[in-house]
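Okay, here's what each chain looks like letter by letter:
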Amino acid sequence: MRQLILSLVLLSSTFCLSQKLEIIPLGIYGGGDESNLSSYLIGVEKTNTYLALDAGTIYSGINKAIEQKTFSVDNKIVLRDYIKGYFISHGHLDHLSGLIINSPEDSNKPIYALPFVIDIFKNNYFTNASWANFGSEGEKPILGKYAYTRVKPSQSFSIENTTLSAEVFELSHVNPQLSSAILVKNNDEYILYFGDTGADRVEKTTKLNYIWEYISPLIINKNLKTILIEVSFPNSQAEDKLFGHLTSKLLNEELGNLAKYTGEESLKGLNIVITHLKPSGTAITTIKKELSDNNKYEVNFIFPEQGKKITLK
């Protein structure tokens, strides 16, 4: 009997270690379509426990995932039971409006964010003038559905009711305005998600450089295999009209800055999921071509589809 129990424990441990992180896009655009705005579920495969990375679109994204057969349960089960919490990168509506609109139907869970984001929820959104206060602080009556969880930059914290842990980093989104990125960990596997961000050169900051240096050992050791990062505009957009966003050219410029720490060879095959595309005219087609034609570092550019689980190499 003892041998059987030991075998089961070892088998269970091996199964847990073999499980990989998975990504499900609930929304992929950075405007122009309120039913498809920035939100990605990240979780461990076969567990149905997810952290939502931003929440521009929730309900419509879950419905699309059900259509795609990514989920086989009712929308409310995914919303209430599968999503264990939210990371919100910054306070713009295209990154959190889905959370607010769906809050009456949601279950109790945490919102993880840097303090400036929590203050935006408390002072601008979950107020009696704009919406009921579903947060855990602020104007009375305080409904307390969402536990405001202030995190500190570069300090690890656990995601409640999951096996995940994470660290958050500041980003510049039209300096001095801030956004943030999150590095999610499960066992020895990592995924890095960026909210809206400008390039260091344009923003005149070193916030991206700090992240590149920080994560470089994870890329060299093949622990970090996927980065989700925005490209909002094609290269034709003037740099003084980017409003804290990236173009194809600027993403490649930043990958070059990352390569200074990792070496170019380590970037080959790195999954780069392109987020926050703005669906204006032929912009998305142009961005895809620009990235494909100028893939100096031979990364694996991935263009997500709403509701369709991302298959990672």
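Above this text you will find the structure in question.
Residues numbered from 1 in each chain as written. Predicted model: local features only at pLDDT ≥ 70, side-chain atom pairs only at ≥ 80, totals over all residues. Heavy atoms only, no water.

**Considerations on the sheet that holds strand β3 (residues 50-53)**
The strands making up a sheet associate through hydrogen bonds between their backbones, and the pairing can be parallel or antiparallel. Sheet architecture is open: six strands sit in the order β1-β2-β3-β4-β5-β6, paired in mixed fashion. Here the strands that pair on one side only, and so sit at the sheet edges, are β1 (21-27) and β6 (146-150). Neighbour to neighbour, the strand axes of the sheet diverge by 25° on average, direction disregarded. Bridge count between strand β2 (residues 39-44) and β3: four bridges; the pairing is antiparallel. (Pairing = 2+ DSSP bridges. Helix = DSSP H or I, 4+ residues; strand = E, 2+ residues; numbered from the N terminus. Axes fitted to C-alpha atoms, helices over the stretch in contact; angles between N-to-C directions.)

**Structural notes on the sheet that holds strand β7 (residues 157-158)**
The mixed open sheet is built from seven strands, whose spatial order is β7-β8-β9-β10-β11-β12-β13. With partners counted over all chains shown, the strands left at the sheet margins are β7 and β13 (300-302), one partner each. Where strand β8 (residues 165-172) meets strand β9 (residues 178-186), eight bridges bridge the pair, whose relative direction is antiparallel. Pairing of Val168 across the sheet is with Ile182, part of β9.

**Side note on unusual backbone geometry**
The omega torsion across Lys140 and Pro141 is 0°, close enough to zero to call that bond cis. By secondary structure assignment, the location of Pro141 is in the loop between α5 (115-125) and β6. A positive phi is found at Lys69, a non-glycine position, where the angle reads about 65°. Along the polypeptide, Lys69 turns up in the loop between α2 (59-67) and α3 (75-82). Owing to a relative accessible area of 72%, Lys69 belongs among the exposed residues under this scheme. (Buried < 20%, exposed > 50% of the residue type's maximum accessible area, 1.4 Å probe, protein only.)

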